[in-house]
Structure formats: C-alpha cells, structure tokens
Amino acid sequence: MNATDRTPADLLRSALAADPGRPLVTFYDDATGERVELSVATFANWVAKTANLLQGDLAAGPGDRLALLLPAHWQSAVWLLACASVGVVAEVGGDPADADVVVSGPDTLEEAAACSGERVALALRPLGGRFPQPPAGFADYAVEVPSQGDRFAPFAPVDADAPGLVVGGEELSYAGIVERARADAAELGLGPGGRLLSGLGYDTWEGLSAGLFAALAAGGSVVLCRHLDRLPAEALAQRIEAERVTLTAR
C-alpha cells in the first residue's frame, strides 16, 4: 500500500492497481454453509456500484450519516468502503431515527423503519440474492445495485480528516481509520500476502479491523467467518489449512 493513502478508498485503489486478481475477502457463513471469495477487482466493482447507488439514487453526500445495521458479512464490508468512497459517515449499529440513510439486514427491518430518509434492505442470502418479497418501505439492495455503474467518481472530494466511521461510541476520521488499521496490522505481524481469519463481529473497532481494515491496509486478505462458533475445532483447523491462514482473530 502507498504511504500517501489516507482514506480506506485510497487503500482499495492502491490494492486494485497493485494486484487486482488476488483474494481480498473470503466469506463463510457457518449457519448456511455459504462460501464467497472476492478478489480485489470483484470487491472494488461491488464498492463502485454501491457507491454509485449511495451517491446517485440515495442522494447521499459528504457528511451525511448512514446507520449500518448489518452483521459481519462481505456485503457489510462493501458498504463500509462505499461510504468511504462517497464521504458518508458509516455509523455501525447507529440509530436509524438520527440517520439520513439506513442499511438493514433482514433481522432489523422494524428498527430500521424509524429512519425518515432513504432505506435499503439486504436479504444477506447466498450469492447476494434478493428478498422473495421486497420489504415495504425499503429498496432491495440486490435489485437496485446490479444496474449501477462499474466505475465511481465522487461529486466532491472526500476529506480524509472528516468523520468517517462511528463504532462502539467512538468516531474516527477516514485518516484515523487508515492509521489505526496500519498500527493494528503491524501489531499483528500482518503484511503483504498475509491471510487473517476473523470470527469477530463488526460491532467493535477490533472486529472491523480484523475483519477488513487491517488486511486492506497491509496488502493482505481476510477470511471473514460468520457463526464461527458453530464450526467444530477439527473443521476450523481444516479451514485454516485450506485457506492458507497465517493469523487468526476469534
């Protein structure tokens, strides 16, 4: 990664320029058996489409607040980078009533309905599938995102020192995210090509760092596992070997 990268979106652009074909996020859901692997290029494409949806159809811009009501999931990671690309503040587990936009999974739709602004729902089904019945009052992400553009350019430059993330009651700037992610990667010993397996949730900085930002900052990749507690120890050892994991966070 380049020393001049100051936002998560900068880190992703550098990763894309360096090696677009390498894995970035490998996702497992041990409740459903789902496995999805996204290369840097594929992940960046999802981010571009989502950022275009956010900036265009949802009319969100720098400084707007987005309540992110999603678990640790590859689509959550996409939304975090899309917010960073537009300049929107991602509030993980934020109050929908105080947000300009809410992005909800299937289990938090009632809570998310308190948002008076734009509402987006994700079914979190395998392969990014849509809801069988679209939830009333929400745009179905899986319906809206495929038609969005594959390239993204923000209407206004993103200020690296502006607020970018709220998690666990703490607010971080985009530059602060990058600085802390780099420090975490160094502390873990995670470097280029490293593979970090994380079973942590996205409701803390530690979970966000282990499950996305540290690997992105270090030029590594993440094996993000949801419901990891359902996986027997022997199966976990096999996964660590098969995925060539070099570090774990559980």
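One structure accompanies this document, and this report is about it. Owing to the predicted nature of the structure, the values given are computational and were not obtained by experimental measurement.

Take the layout of surface pockets next. Within this model, the largest pocket holds a volume of roughly 440 Å³. Taken together, 20 residues line the largest pocket, and the ones lying closest to its centre are Ala9, Arg13, Ala48, Ser85 and Phe152. The set of elements that each furnish at least two residues to the lining of the largest pocket consists of helix H1 (8-18), helix H2 (40-57) and helix H3 (74-86). Of all the elements, H2 adds the most residues to the lining of the largest pocket, at six residues. Among the residues forming the lining of the largest pocket, the class breakdown is 13 nonpolar, three polar and four charged. By volume, the second largest pocket is sized at about 210 Å³. As for the second largest pocket, its lining consists of Arg180, Asp184, Glu187, Leu188, Trp205, Glu206, Ser209, Ala210, Thr248 and Ala249. Where the lining of the second largest pocket is concerned, the elements lending two or more residues are helix H6 (174-188), helix H7 (205-218) and strand E12 (247-249).

This next bit is on the packing of aromatic side chains. Taken as a whole and judged by the stated rule, the model has four aromatic pairs. Measuring from centroid to centroid gives 5.5 Å for tryptophan 79 and tyrosine 141, while their planes differ by 50 degrees, and the two rings are tilted. Residue tryptophan 79 is found in helix H3, and its partner tyrosine 141 is found in helix H5 (residues 141-144); the two are separated by 62 residues along the sequence. Here tryptophan 79 matches tyrosine 141 in class, with each residue buried. Taken together, a centroid distance of 5.8 Å and an interplanar angle of 10 degrees make the contact between tryptophan 205 and phenylalanine 213 stacked.

Attention now moves to the pattern of salt bridges. Side-chain pairs of opposite charge can arise where the charged atoms are in close proximity. This structure, assessed with the given rule, holds eleven salt bridges. Here aspartate 10 and arginine 13 are joined by a salt bridge, their closest N and O atoms 2.4 Å apart. Remark: arginine 13 and aspartate 10 occur in helix H1; sequence separation between them is three residues, near one turn of the helix. Overall, arginine 13 belongs to the exposed group, its relative accessible area being 52%. A salt bridge links arginine 226 to aspartate 29, with the shortest nitrogen-to-oxygen separation between them at 3.7 Å. Highlighted residues: arginine 226 in strand E11 (residues 221-226) and aspartate 29 in strand E1 (residues 23-29), separated in sequence by 197 residues. Of the residues examined, arginine 226 reaches a relative accessible area of 18% and is grouped as buried.

In this section: the pairing of strand E5 (residues 101-104). A regular strand carries its side chains on alternate faces of the sheet. Neither face of E5 is left uncovered, since the one carrying Val101 and Val103 and the one carrying Val102 and Ser104 both have all their residues buried. Two strands pair when backbone bridges link them, and strand E3 (residues 65-69) and E5 are joined in this way by four bridges, in the parallel orientation. Note on E5: the bridge partner recorded for leucine 69 is serine 104. Pairing analysis gives four bridges linking E5 to strand E6 (residues 118-121), with the strands arranged parallel. If you follow valine 101 over to E6, its bridge partner there is glutamate 118.

Time to look at the nonpolar core. Counting residues in hydrophobic clusters, the biggest one holds 65 residues, and the most contacted among them are Phe43, Trp79, Leu80, Leu165 and Phe213. Ignoring anything within four residues of it in the chain, the contact list for leucine 165 reads Leu80, Val89, Ala90, Val92, Glu170, Glu171, Leu172, Ile177, Trp205, Leu208 and Phe213. Ranked by size, the runner-up nonpolar core spans eleven residues in total, among them Ala67, Leu69, Val102 and Cys115.

Here is what the cut-offs are and how they apply
In every chain, residue numbers begin from 1 and rise along the written sequence. Totals for whole chains, interfaces and linings use every residue, but because this is a predicted model, local features are given only for residues with pLDDT of at least 70 and side-chain atom pairs only at 80 or more, for both listing and counting. Computation of side-chain values: all heavy atoms of the structure, hydrogens and water removed. Grid points spaced at 1 Å and placed over the protein atoms alone form the basis of the search, with a cavity being a set where a 1.4 Å probe fits but cannot get out and a pocket an open set showing protein on both sides within 12 Å along at least five of seven lines. Lining residues have an atom within 4 Å of a point. Grid points are joined across faces, edges and corners, and a volume is the space filled by probe spheres set on the points. Only DSSP runs of H or I with at least four residues qualify as helices, and only runs of E with at least two residues qualify as strands; both kinds are numbered from the N terminus onward. In this classification, the charged set is Asp, Glu, Lys and Arg, the nonpolar set is Ala, Val, Leu, Ile, Met, Phe, Trp, Tyr, Cys and Pro, and all remaining amino acids, among them Gly, are polar. Each aromatic pair joins two rings of Phe, Tyr and Trp (for Trp, the six-membered one) with centres within 6.5 Å, and gets the label stacked for planes under 30 degrees apart, edge-to-face for over 60, and tilted for any other angle. Note on classification: 1.4 Å probe, protein chains only; a residue is buried when its accessible area is under 20% of the maximum for its type, exposed when over 50%, partly exposed between these limits. Just to be clear on terms, a salt bridge is a Lys or Arg side-chain nitrogen sitting within 4 Å of an Asp or Glu carboxyl oxygen. Strands are labelled as partners when DSSP assigns at least two bridges between them. Nonpolar core, defined: a set of buried Ala, Val, Leu, Ile, Met, Phe, Trp, Tyr and Cys residues in which side-chain atoms within 4.5 Å join the residues together. Any two residues whose heavy atoms approach within 4.5 Å are treated as being in contact.

Read these as layout, nothing more, since geometry by itself doesn't imply function.
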